[in-house]
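Understanding the architecture of this molecule
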Amino acid sequence: MEAIQTMADMAARSEKPDVLFWVGCAGSFDDRAKKITRSFAELLQKAGVSFAVLGQEESCTGDPAKRAGNEFLFQMQAAMNIQTLNAYEVKRVVTTCPHCFNTLKNEYPELGGNYEVLHHTQFLQKLLDEGKLKVEGGAFKGRKVTFHDPCYLGRANDEFEAPRSVLRDLEADLVEMKRCKNRGFCCGAGGAQMFKEAEKGNKEVNIERTEEALDTGAEIVAVGCPFCTTMMTDGVKNKEEEARVKVYDVSELLNESTRS
Amino acid sequence: METINMIEIACFVLALGTAVFFFQKNAGRIRRNIQLGRDVDRSDRASERWKIMGRVALGQSKMVARPVAGFFHILIYAGFLLINIEVLEIFIDGLLGTHRIFSGPLGGLYTAAIDFFELLSVGVILACLVFLWRRNVQRIKRFHTAEMKGWPTKDAQLILYVELVLMGALLMMNAAESQMEGSPAGPFVISQYLGFVFKGWSQDALHIAERGFWWLHLIGILAFLNYLPFSKHFHIILSFPNVWYSKLDSKGSMGNMASVKEEVEKMMDPNADPFAAPAEGAAEPERFGAKDVFDLHRVQLMNAYTCTECGRCTSVCPAHETGKKLSPRKIMMDVRDRLDEVGKNIDKNGDFEDDGLSLLDDRISREELWACTSCNACVEACPVAIDPLSIILEMRRYLVMEESAAPQELNLMMTNVENNGAPWQFAQADRLNWAQD
Ligand code: SF4
Ligand code: SF4
């Protein structure tokens, strides 16, 4: 990976990138998610996209606080982030986290933050369609892959096609789970559940979902969210299937199959 | 006009008048209860709203996500809508003392129309039987969860039986007429085969039978009308406005609280005086979030009265499916039951008198609220555009902002966001480490 530019670096040279890569907290701090962040950054570099990150100037969008019920904390975070984004005159944002994506896209505008916001799978689909990224090697050709829809990309924002289109470009054998697309089943992490123990029940949500993914016979569970990644990976481990089944972000699969 | 005819007209007017009087009274009560909620502006994007209403309420587009239930529901629904044309004739006949007033002007078309209604009523009967089968023999899981015990289950059954009686009365009325001489209508495509029941009856007896079923059908309809405000069946009326007023923004958008926005703006404004006293005569600040039905907005309260208790939401809820206490259908039923309770309180006392109860804790437990993943599956599944999630989140807002009563782990997460700008305890300075290692 080449050096990553921050908005501050670029501003110091009076430059502006075409797009801001919003990394998100999981993408910045969680070891598994950091790999996804790097994959996506590498893809952007391969495609020759002019991009930058906020680095230390980025802060939580406030999504988990908002969904936990703390509107104050959310709006404080939003106001801070919007101030930063607007100061850099950001127009386009791309992010690997559907929760950041949803918040930036749907909740920031009313608070003064108006940007074109894309999920990384949408961005990657565009790069592939425009020929800026080319699939080579066919590492996943014919391999059975199932895609787990993140609630905040799919149902919440009606994007079911972009990640699947990328997977089709990889010539993977895309198989659907019983509950998919607008009827997709949550991984169990949303609404701030990621940060707490689940209430009493007879099963964990991620186990239920993992079983469904395993039922498809897929060897790869493709995801598009750092939290889904954690939940599904834990689920596969719990089912002791980690030798046979792997959980990857769509960008990781694409990064494996493209050369610069 | 014969006296007997005059008496019949008088009875009809009396029955209709009573039914309409009580219906508007009870429907008015529901209307008043809904208006106890907070104001919400959902009058924007009207043309889009009409379209959605046409598609989801009139066109039943979401019902067919489950094809079997969807198909038979559409059958009942179409039957209900179209047979109402015949009910119009019944009303006019009742008022004027005429018999099948449309038969003259419509001629052959009338026979065709009546035949069509007969076929529809057979369809409705079939659908009701299928639904009774699904509830009682097949015992589909979503009809038998905890919140369905008792009245809700009886309510659903009762409606199906009443529909059977109504359709039966319609067919038997025609069957009697099929045996009468000089009838302006017929032959009846279905009920002529039921005419054997009346074989050998005198013309007078047939006439009485026909009148009897006519009255049974009419009284049935009026009784049903008055049953609606006490039943989940009120959805046949409310689903239309409910869909019209539904949220049009992306499902993921939770909405920003305007009151908080003002506060935050003041805090961020370097020129604002942080110690300024609130303006003289400023309204008492609204409670943050929802503890009781008064804190919900009107569309949320209308949602509660629209709920059909179908359980589609609950059957797709990841929390419910994994054995947690949360059931989005129960959330809707709890809101409605609490609102009914509040309404009765007002009926009795003129104004609401504090009863020491609330939606939170007395009906909806904290455990239920914290089990939600905000996945929107319930919202997507609801055939009448109800949004249980918005109520859950509004109640969480109350818990956190008024009571600081979040689960301990969430408090920790929020402290981290506040101090480190991330939900975990990492240093802001390490944000870009991923680019180095
Ligand atoms: S949003 Fe909450 S209540 Fe609705 S289905 Fe998902 S977890 Fe259940
Ligand atoms: S909220 Fe909607 S889906 Fe759930 S029970 Fe009521 S009508 Fe059915």
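About the thresholds
Residues numbered from 1 in each chain as written. Chains lettered and ligands numbered in written order. Predicted model: local features only at pLDDT ≥ 70, side-chain atom pairs only at ≥ 80, totals over all residues. Heavy atoms only, no water. Helix = DSSP H or I, 4+ residues; strand = E, 2+ residues; numbered from the N terminus. Polar contact = N/O pair within 3.5 Å; in protein donor to acceptor, adjacent residues only side chain to side chain. Contact = heavy atoms within 4.5 Å. Pairing = 2+ DSSP bridges. Axes fitted to C-alpha atoms, helices over the stretch in contact; angles between N-to-C directions. Salt bridge = Lys/Arg side-chain N within 4 Å of Asp/Glu carboxyl O. Near = heavy atom within 4 Å. Nonpolar A, V, L, I, M, F, W, Y, C, P; charged D, E, K, R; others polar. Core = buried A, V, L, I, M, F, W, Y, C linked by side-chain atoms within 4.5 Å. Buried < 20%, exposed > 50% of the residue type's maximum accessible area, 1.4 Å probe, protein only. 1 Å grid on protein atoms, 1.4 Å probe; cavity = no way out; pocket = protein on both sides within 12 Å on 5 of 7 lines; lining within 4 Å. Points joined across faces, edges and corners; volume = space filled by probe spheres on them. Domains from an automatic or database assignment. Buried area = accessible area lost by both parts, 1.4 Å probe. pLDDT = per-residue confidence, 0-100. Phe/Tyr/Trp six-rings, centres within 6.5 Å; stacked < 30°, edge-to-face > 60°. Lys NZ or Arg CZ within 6 Å of the ring centre and 35° of its normal. Patch = residues over 30% accessible without salt bridge, like charges linked within 9 Å, V, L, I, M, F, W, Y side chains within 5 Å. Areas by Shrake-Rupley, 256 points an atom, 1.4 Å probe, with all protein chains shown as cover. Expected span 1.5 Å × (residues − 1).

Considering the side chain of Lys196 of chain A
- Following the sequence through the fold, Lys196 of chain A ends up in the loop between β6 (173-175) and α9 (205-215).
- Within the structure, the side chain of Lys196 of chain A is placed 2.8 Å from the side chain of Gln193 of chain A, a separation counted as a polar contact.
- Within polar-contact distance, the side chain of Lys196 of chain A engages the side chain of Glu199 of chain A at 2.7 Å.
- Setting aside anything within four residues of it in sequence, one finds Lys196 of chain A in contact with Trp370, Pro407, Glu409 and Leu410 of chain B.

Considering the sheet that holds strand β7 (residues 220-223) of chain A
Residues and elements named next belong to chain A.
- One open sheet holds the four strands; their spatial order is β6-β5-β7-β8, and the pairing between them is parallel. Looking at which strands have only one partner, the edges of the open sheet turn out to be β6 and β8 (246-249). Ignoring strand direction, the axes of neighbouring strands in this sheet form an average angle of 35°.
- Sheet analysis places strand β5 (residues 144-147) next to β7, joined by three bridges and oriented parallel. Bridge pairing links Val145 to Ile220 in β7.
- Contacting β5, β6 and β7, helix α8 (residues 161-169) crosses the sheet at an angle of about 170° to β5.

So, the pattern of salt bridges
- What the rule picks out here adds up to 51 salt bridges over all chains.
- Taking the shortest distance from any N to any O, the salt bridge between Glu211 of chain A and Lys203 of chain A comes out at 2.8 Å.
- Salt-bridge contacts for Arg38 of chain B lead to Glu286 of chain B; the nearest nitrogen and oxygen are separated by 3.5 Å. Here Arg38 of chain B, found in the loop between α1 (3-34) and α2 (46-58), pairs with Glu286 of chain B, found in the loop between α9 (258-268) and α10 (298-306); they are 248 residues apart in sequence, far enough to count as distant.
- Beyond isolated ion pairs, a larger network of salt bridges with shared partners links Arg179, Lys203, Glu208, Arg209, Glu211, Glu212 and Lys239 of chain A.

Section: the site of ligand 2
- Neighbouring ligand 2 are 13 residues, the closest being Cys307, Cys310, Gly311, Cys313 and Cys382 of chain B.
- For the shell around ligand 2, the class distribution of residues is eight nonpolar, two polar and three charged.

Quick word on the nonpolar core
- Counting 105 residues, the largest nonpolar core has Leu410 and Met414 of chain B as its most contacted members.
- When residues in this core are grouped by element, the largest group, nine residues, is from helix α17 (residues 388-402) of chain B.

Details of the sheet that holds strand β3 (residues 92-95) of chain A
Residues and elements named next belong to chain A.
- Read across the open sheet, the four strands follow the order β2-β1-β3-β4; overall the sheet is parallel. The sheet is open, and its two edges are formed by β2 (51-52) and β4 (116-119), each paired on a single side.
- Here strand β1 (residues 19-22) pairs with β3 via three bridges, running parallel. The residue of β3 that forms the bridge with Leu20 is Val93.
- Contacts from helix α3 (residues 31-46) reach β1, β2 and β3 within the one sheet, and its direction differs from that of β1 by about 165°.

What about the site of ligand 1?
All names here are of chain B.
- Neighbouring residues of ligand 1: 13 residues in total, closest Cys317, Cys372, Cys375, Asn376 and Cys378.
- Only α16 (377-381) and α17 provide two or more residues apiece to the shell around ligand 1.
- Considering only residue class, the shell around ligand 1 consists of ten nonpolar, three polar and no charged.

Focus: empty space enclosed by the protein
Residue and element names in this part refer to chain A.
- Scanning the model with the defined rule gives seven cavities of 30 Å³ or more in all.
- Taken as a whole, the largest cavity spans an internal volume of roughly 180 Å³.
- Asp63, Pro64, His99, Phe195 and Phe227 are, among the 19 residues lining the largest cavity, the residues nearest its centre.
- Those elements that provide at least two residues to the lining of the largest cavity are α2 (24-29), α4 (63-68) and α6 (98-107).
- For the lining of the largest cavity, a count of residues per class yields twelve nonpolar, five polar and two charged.
- Taken domain by domain, the makeup of the lining of the largest cavity includes at least three residues from each of domain 1 (7-125) and domain 2 (134-256).

Regarding the interface of chain A and chain B
- Chain A puts 72 residues into the contact, and the matching count from chain B is 59 residues.
- Counting the surface chain A buries against chain B, the share from its top three residues, Phe29, Phe72 and Phe195 of chain A, is 13%.
- Measuring nitrogen to oxygen at the nearest pair gives 3.2 Å for the salt bridge that ties Glu58 of chain A to Arg431 of chain B.
- Contributing elements (two or more residues each) for the side of chain A that touches chain B: α2, α3, α4, α5 (71-87), α6 and α9 of chain A.
- Sort the elements by how many residues they give to the side of chain A that touches chain B and α5 of chain A lands first, with ten residues.
- Of the residues assigned to the side of chain A that touches chain B, the class counts are 30 nonpolar, 23 polar and 19 charged.

Observations regarding the confidence of the model for chain B
- In the predicted model, chain B carries a mean pLDDT of 92, and 97% of its residues have values of at least 70.
- Reported for the predicted complex are a pTM of 0.94 and an ipTM of 0.95.

Regarding the packing of aromatic side chains
Residues and elements named next belong to chain A.
- Under the criterion given, the structure shown has 21 aromatic pairs over all chains.
- Taking 6.2 Å as the distance between ring centres and 75° as the angle between the ring planes, the aromatic pair formed by Phe195 and Phe227 counts as edge-to-face. In this pair, Phe195 is assigned in the loop between β6 and α9 and Phe227 in helix α10 (residues 226-238), connecting sequence segments 32 residues apart. Across the pair, Phe227 and Phe195 agree in class, each one buried.
- Residue placement shows Arg179 over the ring face of Phe185; its charged tip is 3.9 Å from the ring centre.

Remarks on the domain arrangement of chain B
All names here are of chain B.
- On domain assignment, one finds that chain B holds domain 1 (2-35 + 66-244) and domain 2 (258-274 + 284-428).
- For domain 1 versus domain 2, the distance between C-alpha centres works out to 40 Å.
- Tallying the contact residues gives 24 residues for domain 1 and 30 residues for domain 2.
- Across the domain 1/domain 2 interface, buried area totals approximately 2300 Å², and carbon plus sulfur atoms make up 54% of it.
- Contact with domain 2 buries surface across domain 1, with Ile34, Glu147 and Asn242 losing the most and accounting together for 27% of the total.
- Taken together, the connections running from domain 1 to domain 2 amount to four salt bridges.
- For Asp347, the salt bridge identified is with Arg29, shortest N-O distance 3.1 Å.
- Counting across the domain 1 and domain 2 interface gives 13 residue pairs in polar contact (both at pLDDT 80 or more).
- Residue assignment for the side of domain 1 that touches domain 2 shows that the elements contributing at least two residues are α1, α3 (67-96) and α8 (235-244).

Here we look at a nonpolar patch on the surface
All names here are of chain B.
- Taken together, the side chains of Leu58, Phe80, Leu81, Leu82, Ile85 and Phe116 make up a nonpolar region of the molecular surface, amounting to roughly 510 Å² of accessible area.
- For the nonpolar patch, the leading source of residues is α3, giving four residues.
- Here Leu82 is to be found in helix α3.
- By relative accessible area, Leu82 is classed as partly exposed at 30%.

Some points on α1 of chain B
All names here are of chain B.
- Look at α1: 46 Å from first C-alpha to last across 32 residues, which is about the 46 Å you get at 1.5 Å a residue.
- All of the buried residues in α1 are Asn5, Ile9, Phe12, Ala15, Leu16, Ala19, Phe23, Asn26, Ala27, Ile30, Asn33 and Ile34.
- Where the residues of α1 are buried, they touch α3, α7 (203-227), α8, α10 and α13 (328-349).

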